[in-house]
Amino acid sequence: MTALTDLKRLVECESPTEDLVACNQVVDLAIEITNSLLKVKAEKVMENGRPVYWWGSKSPKIVLLCHIDTVWPKGSFTPTWQVNGDVATGPGVFDMKAGFIQALYSLVGIEHLENQIALVATTDEETGSATSKDLIARLAKAADAVLVFEASLDGKVKTGRKGTAMYQIKVTGLASHAGLEPEKGINATTEIAKLVLQIASLENQKFGTTAVPTVLHSGTTTNTVPAFATLDVDVRSFTKSELERIDNAIRTLKSDVAKVEVTGGINRPPLEESSTSELHAKFEKVAASLDFPEIGKASVGGASDGNLAAAAGAKVLDGLGAVGHGAHAPTEFINVSYLEPRIKLTNAFIVELLK
């Protein structure tokens with residue numbers, strides 16, 4: 001078997017986060033692939049009712065952190081898997097099943113160190129890691145390094161990620177007939193529109209802070225003053241203080257005439273370079289020793305479980321996974337030619353970290 005063959009099997013086992021049966025199936029397949037490749041066996045553990053793939057130590061010095069759930073409903077890609085030249089496509093191939101395969105194959109030849117290493121893959125990352133975040137924090141607190149195999153950015157590792165916060169705002173007004181007596185109602189649409197403008201004004205480009213009103217629902221019929229409206233809000237920033245500033249602002253939103261309720265909050269704190277610079281420097285040295293060109297680094301807007309690991313105090317390096325493009329897009333693909341070189345590089349990096 002080869003890394004590409006095993007990646008094909010993993011991609012064809014579609015695993016949308018919301019489908020618990022599918023997530024169990026993909027973990028079972030990942031275990032089967034592992035047990036045909038490595039002498040030390042993998043296992044499935046349950047964390048808050050969801051399956052987690054686990055290989056290696058329960059108290060590791062080095063954590064290889066992955067997820068094998070995807071954003072794609074079954075049947076989103078036709079065909080599910082396809083290779084054209086150097087390009088392989090399929091649901092989750094870039095984000096991040098190729099990363100899992102790279103992490104797994106990087107263990108070949110060093111699996112005898114299983115008492116120091118763990119490869120862990122969760123199944124709820126794409127929806128915010130609600131059931132696995134405590135597990136990640138426990139592992140990160142005791143580890144010397146957490147290596148996250150999320151996709152790279154054009155081959156660069158990720159040394160910074162924005163933190164995220166998610167909110168839902170509910171506005172309750174009072175219904176009345178829109179034609180006969182609108183003055184007797186309290187228009188939830190009008191009131192939530194005022195809040196939309198206030199929220200959008202909270203952004204701060206200096207810190208990469210965005211506050212984006214997204215999904216909006218309001219009203220029941222054309223001729224009724226709306227009594228109820230909801231708004232979802234996506235907030236991101238490279239600094240914790242900015243997330244806290246906006247959190248405070250959103251929680252104090254109000255209307256002069258309607259009831260305003262806010263739920264949600266900060267989901268993942270930022271991954272800051274103070275948590276990643278040391279491992280990145282070591283990674284570049286290992287790459288140079290293997291005659292790789294400079295890998296490079298990037299800060300990105302998307303969050304990952306690397307944010308959670310850094311918040312727990314771990315040294316983190318993210319973006320060690322696939323080279324390609326199109327996460328969460330129908331154009332999602334990887335460059336096949338990078339699979340083996342990246343496996344070789346991460347294998348050498350893990351060995352160096354364990355010296």
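Let us look at the structure shown here. As the structure is a computational prediction, the values presented were derived from the model and not from experiment. (Residues numbered from 1 in each chain as written. Predicted model: local features only at pLDDT ≥ 70, side-chain atom pairs only at ≥ 80, totals over all residues. Heavy atoms only, no water.)

### Structural notes on unusual backbone geometry
Excluding glycine, residues mostly have negative phi values, and the peptide bonds linking residues are mostly trans.
Thought 1: With omega at -5°, the peptide bond leading from Thr78 into Pro79 counts as cis.
Thought 2: Position of Pro79 among the secondary structure elements: in the loop between β3 (62-67) and β4 (82-84).
Thought 3: Residue Met96 follows Asp95 across a cis peptide bond; omega there is -5°.
Thought 4: Position of Met96 relative to the elements: it lies in helix α3 (residues 93-105).
Thought 5: With a phi close to 50°, Asn48 is a non-glycine residue in the positive phi region.
Thought 6: As for its position among the elements, Asn48 is in the loop between β1 (43-47) and β2 (50-56).
Thought 7: Residue classification places Asn48 among the exposed residues on the basis of a relative accessible area of 55%.
Thought 8: A positive phi angle is found at His328, which is not glycine, with a value near 65°. (Helix = DSSP H or I, 4+ residues; strand = E, 2+ residues; numbered from the N terminus. Buried < 20%, exposed > 50% of the residue type's maximum accessible area, 1.4 Å probe, protein only.)

### Remarks on the packing of aromatic side chains
Each aromatic ring pair is described using two quantities: the centre-to-centre distance and the angle formed by the ring planes.
Thought 1: In this structure the tally under the stated criterion is three aromatic pairs.
Thought 2: Note on Tyr53 and Phe100: the rings are 5.0 Å apart at their centroids and 90° apart in plane angle, and the pair reads as edge-to-face. In this pair, Tyr53 is assigned in strand β2 and Phe100 in helix α3, connecting sequence segments 47 residues apart.
Thought 3: For the ring pair Trp72 and Phe77, a centre distance of 5.0 Å and an interplane angle of 85° mean the geometry is edge-to-face. Here the two residues Trp72 and Phe77 agree in accessibility, since each one is buried. (Phe/Tyr/Trp six-rings, centres within 6.5 Å; stacked < 30°, edge-to-face > 60°.)

### Some points on the environment of Gln198
Thought 1: Inspection of the secondary structure assignment puts Gln198 in helix α5 (residues 188-200).
Thought 2: Under the relative-accessibility criterion, Gln198 is labelled partly exposed at 36%.
Thought 3: Once the C-alpha coordinates of Gln198 and Ile250 are considered, the two residues, 52 residues apart in sequence, prove to be 9.0 Å apart.

### A look at the side chain of Glu126
Thought 1: Of note, Glu126 is situated in the loop between β6 (117-122) and α4 (133-142).
Thought 2: Although Glu126 is buried, it makes no salt bridge; Arg268 carries the closest opposite charge, 7.4 Å away.
Thought 3: Once residues lying within four places of it in the same chain are set aside, the contact partners of Glu126 are Thr17, His67, Asp69, Thr70, Val71, Asp95 and His328. (Lys, Arg positive; Asp, Glu negative; His and termini not counted. Salt bridge = Lys/Arg side-chain N within 4 Å of Asp/Glu carboxyl O. Contact = heavy atoms within 4.5 Å.)

### Points about helix α6 (residues 240-251)
Thought 1: End to end, α6 covers 16 Å across 12 residues, agreeing with the expected 16 Å (1.5 Å per residue, within 8%).
Thought 2: Residues of α6 that are buried: Glu242, Leu243, Ile246, Asp247 and Ile250. All buried residues of α6 fall inside an arc of 140° around its axis, so they share one side.
Thought 3: Against β9 (163-172), β10 (210-218), β11 (228-237) and β12 (259-268) lie the buried residues of α6. (Expected span 1.5 Å × (residues − 1). Arc of directions from axis to C-beta.)

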